[in-house]
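Understanding the architecture of this molecule
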Amino acid sequence: MGCGASASSKQEDEDSEDDDCERCLVEELEEVPEKVYKMYHGTSMTSARQIEAEGFSPSTEGELGPGVYFVDEDNVDKARRFAHDEFHRTKDTTRATASNEPALLECEVRLRRFYKVEGVDREGSWANQGFDAAFTEETELSQSTEWCVADPSRITVLSVLDLQGLGCPWGKYCPYLGENSKVEGAPWGGRCPCQPKGPICKRPDCGRPTWNGEENEYCGRTCRNRDG
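Remember, predicted model here, so these are calculated numbers, not experimental data. (Residues numbered from 1 in each chain as written. Predicted model: local features only at pLDDT ≥ 70, side-chain atom pairs only at ≥ 80, totals over all residues. Heavy atoms only, no water.)

On to helix α3 (residues 76-89), then. Over its 14 residues, α3 runs 19 Å from end to end, which matches the ideal 20 Å to within 8%, given 1.5 Å per residue. Residues of α3 that are buried: V76, K78, A79, A83, H84, D85, E86 and F87. Contacts from the buried residues of α3 go to β1 (35-44), β2 (68-72), β3 (102-111) and β6 (146-149). (Helix = DSSP H or I, 4+ residues; strand = E, 2+ residues; numbered from the N terminus. Expected span 1.5 Å × (residues − 1). Buried < 20%, exposed > 50% of the residue type's maximum accessible area, 1.4 Å probe, protein only. Contact = heavy atoms within 4.5 Å.)

What follows is about the pairing of β2. Across the 5 residues of β2, 5 count as buried, placing the element largely inside the fold. Burial of β2 is two-sided: the residues V68, F70 and D72 facing one way and the residues Y69 and V71 facing the other way are all buried. With 2 bridges joining them, β1 and β2 adopt antiparallel strand pairing. What sits directly across from Y40, in β2, is V71. Pairing geometry for β2 and β6, over 3 bridges, is antiparallel. Note that in β6 the partner of Y69 across the bridge is C148. (Pairing = 2+ DSSP bridges.)

What follows deals with the packing of aromatic side chains. Applying the stated criterion across every chain, the model contains 8 aromatic pairs. Ring centres of F114 and F135 lie 6.0 Å apart, and the angle between their planes is 70 degrees; this geometry places the pair in the edge-to-face category. In this pair, F114 is assigned in strand β4 (residues 114-116) and F135 in strand β5 (residues 133-136), connecting sequence segments 21 residues apart. Using a relative accessible area of 32% as the deciding quantity, one classes F114 as partly exposed. Judged by relative accessible area, which is 14%, F135 ranks as buried. Centroid distance F135 to W147: 4.9 Å. Interplanar angle 25 degrees. Geometry classified as stacked. Highlighted residues: F135 in strand β5 and W147 in strand β6, separated in sequence by 12 residues. Residues F135 and W147 agree in their burial class; the two are buried. Put simply, the rings of Y37, F114, F135 and W147 touch in pairs and so form one group of aromatic residues. (Phe/Tyr/Trp six-rings, centres within 6.5 Å; stacked < 30°, edge-to-face > 60°.)

Read from one edge of the open sheet, 7 strands run β4-β5-β6-β2-β1-β3-β7, paired in mixed fashion. The open sheet has two edge strands with one neighbour each: β4 and β7 (155-162). Strand-to-strand twist across the sheet, computed as the mean angle between neighbouring axes with direction ignored, equals 30 degrees. Across the sheet, helix α2 (residues 45-54) lies against β1, β3 and β7, angled at about 150 degrees from β7, the strand it touches most. The strands touched by α3 are β1, β2, β3, β6 and β7; relative to β1, the strand with the most contacts, the crossing angle is about 25 degrees. (Axes fitted to C-alpha atoms, helices over the stretch in contact; angles between N-to-C directions.)

Turning next to the side chain of D121. Mapped onto the fold, D121 is located in the loop between β4 and β5. Buried D121, no salt bridge; nearest opposite-charge side chain is R122, N-O distance 8.9 Å. Apart from residues no more than four positions distant in its own chain, D121 is found in contact with E63, L64, G65 and W126. (Lys, Arg positive; Asp, Glu negative; His and termini not counted. Salt bridge = Lys/Arg side-chain N within 4 Å of Asp/Glu carboxyl O.)

Okay, the confidence of the model for the protein next. Overall, the prediction assigns the protein a mean pLDDT of 86, with 86% of residues at 70 or greater. Low confidence marks residues 1-8, where pLDDT is under 50. Its contacts with residues over four positions away, or in another chain, come to 0 contacts. (pLDDT = per-residue confidence, 0-100.)

Printed below as a string of structure tokens:
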């Protein structure tokens, strides 16, 4: 009986400690004021409109675990590149769209506590520690900052920007038009969805605007010489 009583007492002490920790965490969170951050999310226009109407659905996986992924204002071009690549990346998936329609969501995110991840945390262990979000200064695929927000209710969509015709976020390394070591399978071929609209180079699979804005012309000497 003595041993049983001792084990029960020990378990009660442990449970009491756990309850105390949970109460401390709740009290700590209640004392931390929310701050509002502006963040960006790249996707297709179809998905952007659905998010605008219904809210975000968290991703089930990622380098920072489950949640909604963003970049901050200093890295908005990363979100633009993600949107630019969405049509090619989602082919033959449930997120595929009929046309190439890159879009950028500008959002407000309300956070109290966030955690800096060193490397990768695919389990999202930070969320179980009472953090609203986590960020890393670089990922396995990128040297720029990325954020993950656990609770979509902390996110408000401010605007949706159509990226078509606003200029390629990859610049001269557009994966539709040429080699790009950061994306798989480039060049993909076809027209860059972000290039200004107008006549494109008459060399097949080029996709760049013509040098003079006229129909049935090349984009420049390189394509003209290739056609010989």
